[in-house]
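# A structural walkthrough
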Amino acid sequence: MRRAQIGPFPRWPWVCTRCRANYSSVAAATPSPSVARTGKKGKKDLPDAPARTRFAPSPTGYLHLGSLRTALFNYLLAKRTGGQFLLRIEDTDQKRTIPGAEQRLCEDLQWAGLQWDEGPIVGGPYGPYRQSERTAIYRSHAHDLISSGHAYRCFCTPERLDTLARHRNQAGLPPGYDRTCADISAEESEERAARGEAHVVRLKAEGYPMFEDLVYGKTGQNKPSNKLDYIDRVYDDPILLKSDGHPTYHLANVVDDHLMKITHVIRGTEWMPSTPMHLALYNAFNWTPPRFGHVPLLVEKSGQKLSKRNADIDISFFRDKQGIFPATLVNFAALLGWSHSQKSDVLSLEELEQIFNLKITRGNTVVAFEKLWFLQKAHAQRFAASRGPAFDDMVNKVSDVVRNSCSTEQLEPILQTRPLTEYISPLLRADAKSYTTAQEFVTRNETFFTSTLNRPPYAPAAGAEKNTIPLSALHTAAAAFCLVPEPHWNADTHRANISSYDGASASVTSSDSSPSSSSPEAGADPEAQAKARVAADKAFKKELYHYLRWALSAGNPGPGIPETMEILGRVESVRRLDEARKLTASQEAGYDASGLFPGNRRPKDVNPEGDKSWMGSLAPR
Ligand code: GLU
């Protein structure tokens, strides 16, 4: 029997909270919906058969950190279990679709290395993989539900539905539909539809089952679809087909997951409230649902949801503005809410594919961007060690920055005949541990790209106030290293030379040739003397490294000294050491009579030209 249309509405009486609670307990006593299929395995285990997963973005926006993580977890679950990863474009909301967004989504996923096995571009047996091309499939499935009595056409006008909603709202009652159209006979429904009367198709929901979430465990409220209140029963009968004949997200999503044989759905917790409704649809179709796992929200350290303003920007920001490697971003996204038992957090996509599991944490995930830079440096080091295409890419990026910021005149004396990329390649290998972005790398290593160094006045290494190392000894050591001929000019030779340099003897003053003189307690005891020599050598080397860094790169941090000398090359290194010697010779001239380094005392200005005493025994005779 058809229900009378509502209206005019009676005045809603006031209903106290207690009574409302009673009504809901009556409602709860109605046949309860069953718990969805849970599967045998524990929620943290991997499925025992290959998983078919999918990433189903709507082209109403671009790929951002949260959606990259969702795509990644689905991808990894498929790869880990030997299954397939699908890409499906959910473009049912045509009004909000951004032109070009689908292409960007595809490009961004490919950049991250998340290549789909089935989907747009690559095709597959269950296509088309764009929902806008599947409308006929959804319509026919909606009609199947009408035929089986699990759905019905609703001819209620928007005005009636609006009035119903307003009245319920004013009475403090939850929203719902009163199933006015559910009792329309099949013939009448067909006939009105055939006449072209506007209608939607609603699910005749039996109830909203609880389910075993892969992350959160048992979830949902086992809600019946009807809500009994003082006046009438209302139902949560979701719309499946809109009046324009297009499917709602819910219908399209469920039909596609079923037809595409999806076994596992990993998606954001924002979809958790919809899952019971999706399960109701699976039940209506008499289909086995996939397993669902909802991944927690990404939040700022302050606990606030990541927003556009505070970094939930699309991944082109990380790629194009920050120069983050795909391996870094993927590694970073993988660690957002997922834990592993490896020794290191630094993991490539291939490694993640080997170890992924469903140990996903519940509760919001705090995004700490410091970790992103830690991972970037770690991956830079890995690329430098492997010297593959990712390293070539780094070399090219740094070369571009150098070309844009340094003049040819500036570079020529350093490069000599070397191509820029050949100069940058060893520099990157030597200092990859500090690589964040190409720009930052060039700024940090600026002294490698100019022969005009702005050295501060030389000051001994921290803690060396009491040291007894004369500048002339440092000059002599530097001069010795300069004697290495071009064919042997490499980091290994310099490292060996520096380490075998007799720092203990070099650090003695001209007035006293005993290395133990700086250590009176050593006395004549040979063991104590040996110890004193070791200590003197150590102190000398410390000061020597400090001096060479000042001389070669104005004291800037960067590659080690032997590497710096190799990268700069013989001509430029010798030139810098000579320039440094001249600068410090003027400081040396201000020394006290003992010839010891005078700490931070400003040197007297003298012209050291022509003075070769700094080369000691190595001075040309
Ligand atoms: N189209 C939905 C989205 O963009 C996908 C939800 C789902 O994965 O089921 O978030």
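### Observations concerning the overall build of the chain
Scanning the chain from N- to C-terminus turns up 22 helices and 13 strands. Looking at the chain as a whole, 49% of its 621 residues are labelled buried. By sequence separation, contacts in the chain at least 24 residues apart represent 77% of the contacts at least 6 residues apart. A total of about 29400 Å² of accessible surface is found on the chain, and carbon and sulfur atoms cover 53% of it.

### Some thoughts on the state of the cysteines
Between two cysteines, a covalent bond joining their sulfur atoms is known as a disulfide. Within this structure, the stated rule accounts for 0 disulfides. Cysteine Cys156 shares no disulfide, and the gap to the nearest cysteine sulfur, in Cys181, comes to 3.6 Å. Residue Cys156 is classed as buried on the basis of its relative accessible area, which comes to 12%.

### Considering the sheet that holds strand S4 (residues 200-203)
An order of S3-S4-S9 is seen for the 3 strands of this open sheet, with the pairing classed as antiparallel. Strand pairing shows two members of the sheet lacking a second neighbour, strand S3 (151-154) and strand S9 (239-241), which therefore form its edges. Mean inter-strand twist for the sheet, computed between neighbouring axes without regard to direction, equals 40°. Bridge count between S4 and S9: 2 bridges; the pairing is antiparallel. Along S9, the bridge assignment pairs Arg202 with Ile239. The strands touched by helix H4 (residues 135-147) within the sheet are S3, S4 and S9, with S3 carrying the most contacts at an inclination of about 105°.

### What to know about helix H7 (residues 249-259)
Counted residue by residue, H7 has 9 buried out of 11 residues, so it is predominantly covered. Downstream of H7 by a residue or two, Lys261 has a phi angle that is positive, lying close to 60°.

### As for the layout of surface pockets
In this structure, the largest pocket spans a volume of roughly 1200 Å³. Taken together, 42 residues line the largest pocket, and the ones lying closest to its centre are Ser58, His64, Ser67, Glu270 and Trp271. Mapped by element, the contributors of at least two residues to the lining of the largest pocket are strand S1 (52-55), helix H2 (65-80), H7 and strand S10 (264-268). When residues in the lining of the largest pocket are grouped by element, the largest group, 4 residues, is from H2. Here the residues of the lining of the largest pocket are counted per class, giving 17 nonpolar, 13 polar and 12 charged.

### Examining the pattern of salt bridges
By the definition in use, this model includes 38 salt bridges. Put simply, Arg192 and Glu188 hold a salt bridge, and the shortest N to O gap is 3.0 Å. One end of the pair, Arg192, and the other, Glu188, are both in helix H6 (residues 186-194), 4 residues apart, so they sit about a helical turn from each other. Relative accessible area serves as the criterion here: at 11%, Arg192 is assigned to the buried category. One salt bridge connects Asp431 with Lys433, and the closest N-O pair in it is separated by 3.2 Å. The buried category is assigned to Asp431, whose relative accessible area is 0%. Since its relative accessible area comes to 41%, Lys433 is described here as partly exposed.

### As for the site of the ligand
Lining the immediate environment of the ligand, one finds Arg54, Ala56, Pro57, Ser58, Glu90, Tyr249, Asn253, Arg267 and Trp271. Asn253 is positioned with one of its side-chain polar atoms (N or O) 3.0 Å from an oxygen atom of the ligand. One of the side-chain nitrogen or oxygen atoms of Trp271 is found 3.1 Å away from an oxygen atom of the ligand. Expressed as a share of its isolated accessible area of 300 Å², the protein-covered part of the ligand is 83%. Among the cavities detected, the one that contains the ligand is the largest pocket. In terms of residue class, the shell around the ligand is built from 4 nonpolar, 2 polar and 3 charged.

### Structural notes on unusual backbone geometry
Phi is mostly negative for residues that are not glycine, and the peptide bonds are mostly trans. Residue Gly127 is joined to Pro128 through a cis peptide bond whose omega torsion reads 0°. Relative to the assigned elements, Pro128 resides in the loop between helix H3 (101-112) and H4. At Arg179, a residue that is not glycine, the phi angle is positive and equals roughly 60°. Looking at the element boundaries, Arg179 is found in the loop between helix H5 (158-170) and H6. Given a relative accessible area of 11%, Arg179 falls into the buried group.

### Considering the pairing of S4
Alternating residues of S4 divide into Val200 and Arg202 and Val201 and Leu203, and every residue in both groups is buried. As paired strands, S3 and S4 are joined by 4 bridges and run antiparallel to one another. Its bridge partner being in S4, Arg153 is matched across the sheet by Val201.

### With respect to the packing of helix H13 (residues 389-405) against helix H15 (residues 420-431)
For the pair H13 and H15, interaxial distance at closest approach is 9 Å and the crossing angle is 115°. Judged by the sense of rotation from one axis to the other, the crossing of H13 with H15 is right-handed. Each of Phe391, Met394, Val395, Asn396, Val398, Ser399, Val402 and Arg403 in H13 lies in contact with H15, whose residues at this interface are Leu420, Thr421, Ile424, Ser425, Leu428 and Arg429. Of the residues that constitute the contact of H13 with H15, the class distribution is 8 nonpolar, 4 polar and 2 charged.

### Regarding the side chain of Ser425
Relative to the assigned elements, Ser425 resides in helix H15. Given the relative accessible area of 15%, Ser425 is considered buried. Ignoring any residue separated from it by four or fewer positions in sequence, one finds Ser425 in contact with Phe391 and Val395.

Conventions adopted
Residues numbered from 1 in each chain as written. Predicted model: local features only at pLDDT ≥ 70, side-chain atom pairs only at ≥ 80, totals over all residues. Heavy atoms only, no water. Helix = DSSP H or I, 4+ residues; strand = E, 2+ residues; numbered from the N terminus. Buried < 20%, exposed > 50% of the residue type's maximum accessible area, 1.4 Å probe, protein only. Contact = heavy atoms within 4.5 Å. Areas by Shrake-Rupley, 256 points an atom, 1.4 Å probe, with all protein chains shown as cover. Disulfide = S-S within 2.5 Å. Pairing = 2+ DSSP bridges. Axes fitted to C-alpha atoms, helices over the stretch in contact; angles between N-to-C directions. 1 Å grid on protein atoms, 1.4 Å probe; cavity = no way out; pocket = protein on both sides within 12 Å on 5 of 7 lines; lining within 4 Å. Points joined across faces, edges and corners; volume = space filled by probe spheres on them. Nonpolar A, V, L, I, M, F, W, Y, C, P; charged D, E, K, R; others polar. Salt bridge = Lys/Arg side-chain N within 4 Å of Asp/Glu carboxyl O. Near = heavy atom within 4 Å. Polar contact = N/O pair within 3.5 Å; in protein donor to acceptor, adjacent residues only side chain to side chain. Sits in = over half its atoms within 2 Å of the grid points. Left-handed = near helix turned anticlockwise from the far one by under 90°.

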